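Structure at a glance
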Amino acid sequence: MFNYLPKFYFYGDVEGTSTQRVRSMVRRRWKGHRTMRIIGMKRLKKITTLKGWEFVKAWLEGVVCKLNSSEKHILVMMHYFCLGHSFLWKNFIEHGDPSLNNLMYDEETGCGVLTDFDLSLLQWEPRVFGTDRTGTIPFMALHLLQKAYWNEGGERYYHHELESFVWILPYVFLLYQNSKRGRNSLIDAWRTSDYNVCFEKKWAFCSNELLNAKSMVGADFKDCWWLADALCGVVRDRFNAIASFLNSERIAERAVSQAGHVDVKTGRVKPKRTRQVETVEKVKEELPIDRSNALWKKFYSLLDSNLGDIASPDFEPLLDCLEYFKPSFELTNEKRKELYDKYGDILGPTRPTEPSKPVDPIDSAAS
């Protein structure tokens, strides 16, 4: 049995709850339908019942877990068991909403567990209607707290979800003491339905308020604060780096577009297909992969350099797993076909379609 997964007892669909039936009665056509499904699983405790480094260990176990089973078994049970996030992305499974409420603790095994796969999807399958713009606002990546993402959607990448795990640390360290949530002027404003407000507060926090926050951490997490501080610094630096690149990219594109030529038929200026334009377009295609890879490297390097010195609990096995289960950042058409051929008998008769070029919410916002 999986060491990091809760025990699964039963599941079943509730008859008469299909939204297709209701919509047919009111003569409303829609894309797909939903049915209420009941899943019986082992009762878990909130991860906030833990303190200090035990909390950090359970948190990291949500990022990556050790498994002892076949990939096929894992795929079959993915909606009923809770898998480590890094392992999921290594197998092109997107969770959709890493957040504090979706991290639990199994008291019997002493392990942290990533739960709630209602919004998860297989990246090699066509995206299911209703699985875009997912996330819990206080923990969402800064680049997703943008107008472009909320109005137009866009593809989520690994770095978006890894950043969600980072935001969990300062949220818990500053709000929780003796397993009870208190109040904190720096964090309270994150709990809002307004993504603009949340972005402003979180950006101000990691840009200007980290030093002040240290004095507000309670005794339960005071020894761990440096980890939240360092990871928030990584998020801040990555955000600045991407913003700087996009700004220089726009300047380069404008400069190239000015060196155009006049179309004889229309009289309009058409930009030349110069090497600079082609380079910019190539970098655009690679950027989401580079962003995910860069954040993962920073994340792993910081943890590997510091957590290994902590005597209890022992982080070395988890760090080894994190390195081994390094996520896959790019799903090629060849890999998409390979996955479908491997799991097609489980997933059904739908054949993989040629994916449309994904829209990166960061690039969309920049344009």
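Residues numbered from 1 in each chain as written. Predicted model: local features only at pLDDT ≥ 70, side-chain atom pairs only at ≥ 80, totals over all residues. Heavy atoms only, no water.

The chain goes by Fungal-type protein kinase domain-containing protein in an unreviewed UniProt entry, where it is assigned to Gymnopilus junonius.

**Details of the overall build of the chain**
We count it as follows: By the criteria applied, helices consist of DSSP H or I runs no shorter than four residues and strands consist of E runs no shorter than two, each listed in order from the N terminus. Categorising residues by exposure relies on relative accessible area from a 1.4 Å probe, with only protein chains included: less than 20% of the type maximum marks a residue as buried, more than 50% marks it as exposed, and the intermediate range marks it as partly exposed. Contact criterion: two residues are considered in contact whenever any of their non-hydrogen atoms come within 4.5 Å of each other. Where accessible areas are quoted, they stem from the Shrake-Rupley method and a 1.4 Å probe; at the residue level, only the protein chains shown are allowed to cover.
Within the chain one finds 13 helices and 11 strands. Across the 367 residues of the chain, 46% fall into the buried class. Looking at the chain alone, contacts between residues at least 24 apart form 71% of all its contacts between residues at least 6 apart. Split by element, the accessible area of the chain, about 19,500 Å² in all, is 49% carbon and sulfur.

**Re the sheet that holds strand E3 (residues 45–46)**
What counts here: Should DSSP find at least two bridges between two strands, the strands are taken to pair. Here the axes come from fitting lines to C-alpha atoms, over the contacting stretch only for helices, and the angles between their N-to-C directions go from 0 to 180 degrees.
The strand order E3-E5-E6 describes an open sheet built from three strands, whose pairing is antiparallel. The open sheet terminates on both sides in strands that have one partner only, identified here as E3 and strand E6 (111–114). As defined by bridge partners, strand E5 (residues 103–106) adjoins E6 across four bridges and the pair is classed as antiparallel. What sits directly across from Tyr105, in E6, is Gly112. Contacts from helix H2 (residues 52–63) reach E5 and E6 within the one sheet, and its direction differs from that of E6 by about 40 degrees.

**Here we look at the side chain of Ser292**
Position of Ser292 among the secondary structure elements: in helix H10 (residues 275–306). The class for Ser292 is buried, based on a relative accessible area of 2%. With residues up to four places along the chain from it excluded, the contact list for Ser292 reads Tyr157, Tyr158, His159 and Phe329.

**Examining the nonpolar core**
What counts is decided by this rule: Here the nonpolar core consists of buried residues drawn from Ala, Val, Leu, Ile, Met, Phe, Trp, Tyr and Cys, with membership extended through side-chain atoms lying within 4.5 Å.
Ranked by size, the top nonpolar core spans 83 residues in total, and within it Phe55, Trp59, Phe173, Phe205 and Leu303 carry the most contacts. Residue contributions to this core peak at 12 residues, all from helix H6 (residues 158–175). Those residues within four positions of Phe55 in sequence are excluded, and the remaining contacts are Ile47, Leu50, Ile168, Leu169, Val172, Phe173 and Phe221.

**A few points about the packing of aromatic side chains**
Condition: Aromatic contacts are taken between Phe, Tyr and Trp rings whose centres are within 6.5 Å, Trp giving its six-membered ring; a plane angle under 30 degrees counts as stacked, one over 60 as edge-to-face, and the others as tilted. Criterion for a charge above a ring: Arg CZ or Lys NZ at most 6 Å from the ring centre, at most 35 degrees from the ring normal.
Counted under the stated rule, the structure contains 18 aromatic pairs. Consider the rings of Trp89 and Tyr158, whose centres lie 5.7 Å apart with planes at 70 degrees: the pair is edge-to-face. Taken together, the residues span a long stretch of sequence, with Trp89 in helix H4 (residues 85–90) and Tyr158 in helix H6 at a distance of 69 residues. Tyr158 carries the same exposure label as Trp89, and that label is buried. The rings of Phe139, Trp167, Tyr171, Trp190 and Phe205 are connected pair by pair, giving a single aromatic cluster. Across from the ring centre of Trp190, 5.9 Å away, lies the NZ or CZ of Lys202, which sits over that ring.

**Quick word on a nonpolar patch on the surface**
Formally: The patches described consist of residues with a relative accessible area above 30% and no salt bridge, like charges being joined within 9 Å and nonpolar side chains (Val, Leu, Ile, Met, Phe, Trp, Tyr) within 5 Å. Each reported salt bridge corresponds to a side-chain nitrogen of Lys or Arg within 4 Å of a carboxyl oxygen of Asp or Glu.
Together, Tyr9, Phe10, Met36 and Ile38 give the surface a local cluster of nonpolar side chains, amounting to about 430 Å² of exposed area. As for its position among the elements, Phe10 is in strand E1 (residues 8–13). Given a relative accessible area of 48%, Phe10 falls into the partly exposed group.

**With respect to the packing of H6 against helix H7 (residues 195–208)**
To keep it simple, the criterion reads: Angular relationships are summarised with four words: roughly parallel below 35 degrees, roughly antiparallel beyond 145, roughly perpendicular across 65 to 115, and oblique for the angles in between. Polarity classes work like this: nonpolar for Ala, Val, Leu, Ile, Met, Phe, Trp, Tyr, Cys and Pro, charged for Asp, Glu, Lys and Arg, and polar for all others, with Gly in that last group.
For the pair H6 and H7, interaxial distance at closest approach is 13 Å and the crossing angle is 85 degrees. Between H6 and H7, the interaxial angle falls into the category roughly perpendicular. Side by side, H6 and H7 meet where Trp167, Pro170 and Leu174 of the first sit next to Lys202, Phe205 and Cys206 of the second. Residues that form the contact of H6 with H7 fall into these classes: five nonpolar, no polar and one charged.

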